[in-house]
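# Residue-level structural notes
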Amino acid sequence: MLRPDVELKNIAGVDAAYMALKDAGVRMVRGVPGYPINDLFTRFQKDEGLNAEWVFNEKIAYEMAVGASACGDRAVVVCKHVGVNILADPMIISVSHSIGSGIVVIAGDDVGAFMSSDEQDSRWYGKLAEIPVFDPSTPAEVYDSILGGLGLSERISAPVLVRVVDVVLREQGDISRKVLPVRHKKLDRSIWDYTMFGKHQKYLLEGWSQAAEESERSPMNRSSKKGAIGIISSGYVSNIAAGIAEEKGLSHLALGFVNPLPRGLVDDFLFGLDHVLVCEEVSPFLEEQVHMPKVRGRLTGHLPRAGPLDEESVRNALDNISMQGGIRDVELETLAGRGYAIGKCDECPYTPVYDAIKMLNVPVAGDAGCSIQAANPPYSMLIVAMALGSAPSVACGFNEKGIAMMGDYALLHTGLPALLNAKYSGKEAVVVLFANREAAMTGGQTLPDVTGLVKDIFKEDCVISDSGDLSTDKVYGDLKKLLEAKGLKIYVVTGSCPAGRKHKNMLA
Ligand code: SF4
């Protein structure tokens, strides 16, 4: 057990986060796998006292956290940015509803969509849900955001979101450990005296106002006024901005507590400056809130509209800060330009299934699991591949009978309600379910066997095969029959991913 109240050197961001959970006495952690938060969650799982479990989706994770919080236990939810979309439903409602002990949501944003189906800035959920958001730039700020966020969450009876990015989790820095005394604050049932609207009014009057006050005086927000040019930054980019501001003698406002925006602090900073560059990832969250003629950033074209920021782009923007209007040409990233396109592993047990589906020449939907690889060469056969678990509903929207490809993790994540809806509304589609009992694209987390469940629900509309017994011709014949038959059909293929498998780069 690490001892609190000590200064520690060279601590990685993931370890800083772990120490914050320990020093706050967190009793429950729930997470959903994905880049860039897998290592972070795995770190939490090594300590049994944190009660850290992967769950099937983010909505479940957040709802469990609310249960723990209502009974007086601090809880943390960990997910990637696309997962915040799934947990947004209960998270936003919980703000008016109220909570008990502190809840922190750690949202891992994949800047540049390096390992994700999109690039997304989780800070915006702070605006929508009206909750505090921290955007730490160093391991020390990761620690302070989580520990401080749990305390703040408890004071305002609403969750706090901490946005992290891969590089902040990996980098090392010094931290100062503290103890957040455990209060076991339970949900105050007097909230039920109010209507739903009344609950929202109460939160805005009490919780949100307090968060706004704390943002103004937070040590996570640091201002230094020097010259007539300034930089406002948040998150990891604050490190780049700080170095350049120091070298060039510029004013710098580094924000770590970004929502509610510390309006007074920002206005004081802007006053008297000729030009201000806003540096942030990955969208103009701050820039939109300080938009005025002298402000430059992603919206004005001085910085790239999306993606990571590097030192060169910040220097270039400062060199051109007096210019009005955009200064950048945008080169769209292509698979060929990037140099890789993820494909199936060698010896994938499902290869005959992919080959047969390609031969059938019908509309095919995949999702963000392994099936997304069928969008890339050599298959290039998906029309749509969106969020995990979306394939059945997308296929039910096709104007001819088509195929939905999904894994068992996608089924458990959000695909099951889609399947049930399709069955009970008499939709036409064939769902191919890869039952490999693991979340294969997100780190191989193990899953229960879903074949019995599917068989029970779909009975004669369900065909179960083992990948070891299949040839392309056999799968082709099976799927053709199912496509020609009336109604929703499920073709389940059991199998296991080979040990040490590695996705192939189809462009190599
Ligand atoms: S992870 Fe498993 S299912 Fe996915 S491509 Fe590789 S072997 Fe096939």
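Everything quoted here is computed from the prediction, not taken from an experiment. (Residues numbered from 1 in each chain as written. Predicted model: local features only at pLDDT ≥ 70, side-chain atom pairs only at ≥ 80, totals over all residues. Heavy atoms only, no water.)

### Some points on the domain arrangement of the chain
Taken as a whole, the chain is organised into domain 1 (3–216), domain 2 (221–319) and domain 3 (337–507). Relative placement of domain 1 and domain 2: their C-alpha centres are 25 Å apart. In this complex, domain 1 contributes 30 residues to the contact, which on the side of domain 2 involves 30 residues. In total, domain 1 and domain 2 occlude about 2300 Å² of area from one another, counting both sides; carbon and sulfur atoms represent 55% of this. One can count 2 salt bridges joining domain 1 with domain 2. A salt bridge links Arg222 to Glu141; its shortest N-O distance comes to 2.7 Å. Summed over the shared surface of domain 1 and domain 2, the result is 26 residue pairs in polar contact (both at pLDDT 80 or more). Only α5 (124–129), β6 (133–134), α6 (139–156), β7 (160–165), α7 (166–170) and α8 (196–216) provide two or more residues apiece to the side of domain 1 that touches domain 2. (Domains from an automatic or database assignment. Contact = heavy atoms within 4.5 Å. Buried area = accessible area lost by both parts, 1.4 Å probe. Salt bridge = Lys/Arg side-chain N within 4 Å of Asp/Glu carboxyl O. Polar contact = N/O pair within 3.5 Å; in protein donor to acceptor, adjacent residues only side chain to side chain. Helix = DSSP H or I, 4+ residues; strand = E, 2+ residues; numbered from the N terminus.)

### Concerning the packing of α6 against α8
Packed helix pairs are specified by the crossing angle of their axes together with the interaxial distance, meaning the distance between the axes. Two elements in contact, α6 and α8, have axes whose closest approach is 9 Å; the angle formed by their N-to-C orientations is 150 degrees. The orientation of α6 relative to α8 falls into the category roughly antiparallel. For the pair α6 and α8, the crossing hand works out as right-handed. Along its contact with α6, which presents Leu152, Arg155 and Ile156, the element α8 presents Tyr203, Gly207, Gln210, Ala211 and Glu214. Considering only residue class, the contact of α6 with α8 consists of 4 nonpolar, 2 polar and 2 charged. (Axes fitted to C-alpha atoms, helices over the stretch in contact; angles between N-to-C directions. Parallel < 35°, antiparallel > 145°, perpendicular 65-115°, else oblique. Left-handed = near helix turned anticlockwise from the far one by under 90°. Nonpolar A, V, L, I, M, F, W, Y, C, P; charged D, E, K, R; others polar.)

### With respect to the nonpolar core
Membership of the largest hydrophobic core comes to 116 residues, with the highest contact counts inside it found for Val29, Phe44 and Ile232. In this structure, Ile232 is in contact with Leu253, Leu255, Val266, Phe269, Leu270, Val276, Leu277, Val278, Cys279 and Leu286, ignoring residues within four places of it in sequence. Residues Leu360, Ile403, Leu482 and Leu483 belong to the second largest nonpolar core, which totals 24 residues. (Core = buried A, V, L, I, M, F, W, Y, C linked by side-chain atoms within 4.5 Å. Buried < 20%, exposed > 50% of the residue type's maximum accessible area, 1.4 Å probe, protein only.)

### Observations concerning the side chain of Ser98
On the secondary structure map, Ser98 appears in the loop between α4 (81–97) and β5 (103–109). Apart from residues no more than four positions distant in its own chain, Ser98 is found in contact with Ser157, Leu187 and Ile191.

### Remarks on unusual backbone geometry
The peptide bond linking Tyr35 to Pro36 adopts the cis configuration, its omega dihedral lying at 10 degrees. Along the chain, Pro36 turns up in the loop between β2 (28–31) and α2 (38–45). For the peptide bond that leads from Glu281 to Val282, omega is 0 degrees, which places it in the cis range. Turning to its location among the elements, Val282 is positioned in the loop between β13 (275–279) and α11 (285–289). Not every positive phi belongs to a glycine, and His184 is a case in point at roughly 50 degrees. With respect to the helices and strands, His184 occurs in the loop between β8 (172–176) and α8.

### Thoughts on the UniProt feature "domain: Thiamine pyrophosphate enzyme TPP-binding" (unreviewed entry) in the chain
Per the UniProt annotation, the sites labelled "domain: Thiamine pyrophosphate enzyme TPP-binding" (unreviewed entry) are residues 369–451. Helix makes up 29% of residues 369–451 and strand 23%. Its end C-alpha atoms lie 18 Å apart. (UniProt positions renumbered as here; feature names shortened; annotations may be inferred.)

### Some thoughts on the pairing of β7
Most of β7 sits inside the fold, with 6 of its 6 residues counted as buried. Burial of β7 is two-sided: the residues Val160, Val162 and Val164 facing one way and the residues Leu161, Arg163 and Val165 facing the other way are all buried. Pairing geometry for β5 and β7, over 6 bridges, is parallel. What sits directly across from Asp109, in β7, is Val165. Read as a crossover between parallel neighbours, the route from β6 over α6 to β7 is right-handed. (Pairing = 2+ DSSP bridges. Right-handed = clockwise from strand over helix to strand, strands pointing away.)

### Considerations on the packing of helix α14 (residues 351–360) against helix α18 (residues 472–484)
Contact geometry of α14 with α18 gives a least axis separation of 8 Å together with a crossing angle of 50 degrees. Considering their axes alone, α14 and α18 lie oblique with respect to each other. Considering the relative orientation of α14 and α18, their crossing is right-handed. Facing α14, whose interface residues are Pro352, Val353, Asp355, Ala356, Ile357, Met359 and Leu360, α18 presents Thr472, Val475, Tyr476, Leu479, Lys480 and Leu483. The class makeup of the residues in the contact of α14 with α18 is 10 nonpolar, 1 polar and 2 charged.

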